[in-house]
Amino acid sequence: GLDAGGSCVGRVFRVDKPDRLRVYDYLMEREMVRGTYRPLWLPVDTPEGRVTALCFVVDRGHEQYTPDLPESEVIDRVRRARGKRGSNIEYVVNTCGHLEELGIRLRELARIRDALLAAPDAGA
């Protein structure tokens with residue numbers, strides 16, 4: 001998810017017209033479980049030019065929005081959290097790995113991953 005005033009490096013996926021509704025429904029189900037985001041169609045710059053893409057921007061008024069947490073608190077929360085698809089440790093490790101496969105390295109996320117993996121209860 002994005003936060004207002006920020007930016008990210010990532011991938012934009014073009015979806016064929018016959019698949020658009022199915023993909024949209026899938027993304028809404030996956031990303032809007034807790035209503036933490038606002039789905040918005042935003043301009044996105046790509047190497048081929050600007051396109052409009054569905055983006056998920058955090059709702060700053062949502063009770064789960066916690067900006068500016070100290071990194072130690074983020075690590076502690078990730079270590080303890082688990083969702084219906086698995087542990088948050090697995091989520092961070094997988095996300096970091098997939099981004100790195102795409103040539104995207106987020107220093108902050110990599111630091112959190114490394115701290116989680118270095119912990120005695122890593123992967124729990």
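It should be noted that the structure appears before, not after, this text.
Residues numbered from 1 in each chain as written. Predicted model: local features only at pLDDT ≥ 70, side-chain atom pairs only at ≥ 80, totals over all residues. Heavy atoms only, no water.

### Things to note about the packing of aromatic side chains
Where two aromatic rings form a pair, the distance of their centres and the angle of their planes describe that pair. Selection criterion: In summary, the pairing rule links any two rings of Phe, Tyr or Trp, Trp by its six-membered ring, whose centres are within 6.5 Å, and it sorts them by plane angle into stacked for under 30 degrees, edge-to-face for over 60 and tilted for everything else. Elements are defined by DSSP. Helices are runs of H or I of four residues or more, strands are runs of E of two residues or more, and each kind is numbered from the N terminus. Any residue under 20% of the maximum accessible area for its type is buried, any over 50% is exposed, and the rest in between are partly exposed; the area is computed with a 1.4 Å probe on protein chains only.
What the rule picks out here adds up to 1 aromatic pair. With a centroid separation of 6.3 Å and an interplanar angle of 65°, the aromatic rings of Y37 and F56 are classed as edge-to-face. Within this pair, whereas Y37 is found in strand β1 (residues 37-46), its partner F56 is found in strand β2 (residues 49-58), the two being separated by 19 residues in sequence. Judged by its relative accessible area of 11%, F56 falls in the buried class.

### Let's talk about the nonpolar core
Within soluble globular proteins, side chains that are nonpolar generally end up buried alongside one another. Note the cut-off: Nonpolar cores were defined as sets of buried Ala, Val, Leu, Ile, Met, Phe, Trp, Tyr and Cys residues, with membership established by side-chain atoms within 4.5 Å. Contacts between residues were defined by any pair of non-hydrogen atoms, one from each residue, lying within 4.5 Å.
Ranked by size, the top nonpolar core spans 6 residues in total: I75, V78, I89, V92, I112 and L116. Those elements giving two or more residues to this core turn out to be α2 (71-80), α3 (88-101) and α4 (107-118). Residues within four places of V78 in sequence aside, it is in contact with N88, I89, V92 and L116.

### Looking at the packing of α3 against α4
Heads up, the condition is: Inter-axis angles, ranging from 0 to 180 degrees, are taken between N-to-C directions of lines fitted to C-alpha atoms, where helices are fitted over the stretch in contact. In this scheme, roughly parallel covers angles under 35 degrees and roughly antiparallel covers those over 145, while 65 to 115 is roughly perpendicular and the rest are oblique. Handedness of each helix crossing follows the sense of rotation of the near helix against the far helix: counterclockwise by less than a right angle gives left-handed, clockwise gives right-handed. Polar here means any residue other than Ala, Val, Leu, Ile, Met, Phe, Trp, Tyr, Cys and Pro, which are nonpolar, and Asp, Glu, Lys and Arg, which are charged; Gly is therefore polar.
Remark: α3 packs on α4, axes separated minimally by 10 Å, with the N-to-C direction vectors making an angle of 135°. The orientation of α3 relative to α4 falls into the category oblique. The handedness of the crossing between α3 and α4 is left-handed. Facing I89, V92, V93, T95, C96, L99 and E100 of α3, the residues of α4 in contact are L109, A110, I112, R113, L116 and L117. By residue class, the composition of the contact of α3 with α4 is 10 nonpolar, 1 polar and 2 charged.

### Some thoughts on the packing of α2 against α4
Interaxial distance between α2 and α4 falls to 10 Å at its minimum, and their mutual angle equals 55°. In terms of their interaxial angle, α2 and α4 are classed as oblique. Here α2 and α4 pass one another in a crossing that is right-handed. Within the contact between the two elements, α2 uses E71, V74, I75, V78 and R79 and α4 uses R111, I112, A115 and L116. Looking at the contact of α2 with α4 residue by residue, the class counts come to 6 nonpolar, no polar and 3 charged.

### Overview of the pairing of β2
Heads up, the rule is: A pair of strands is labelled paired if DSSP reports no fewer than 2 bridges between them.
Sheet topology places β1 next to β2; 10 bridges connect them, and they run antiparallel. Its bridge partner being in β2, Y37 is matched across the sheet by V58. With antiparallel pairing between neighbouring strands as the criterion, β1 and β2 make up a hairpin whose turn holds 2 residues.

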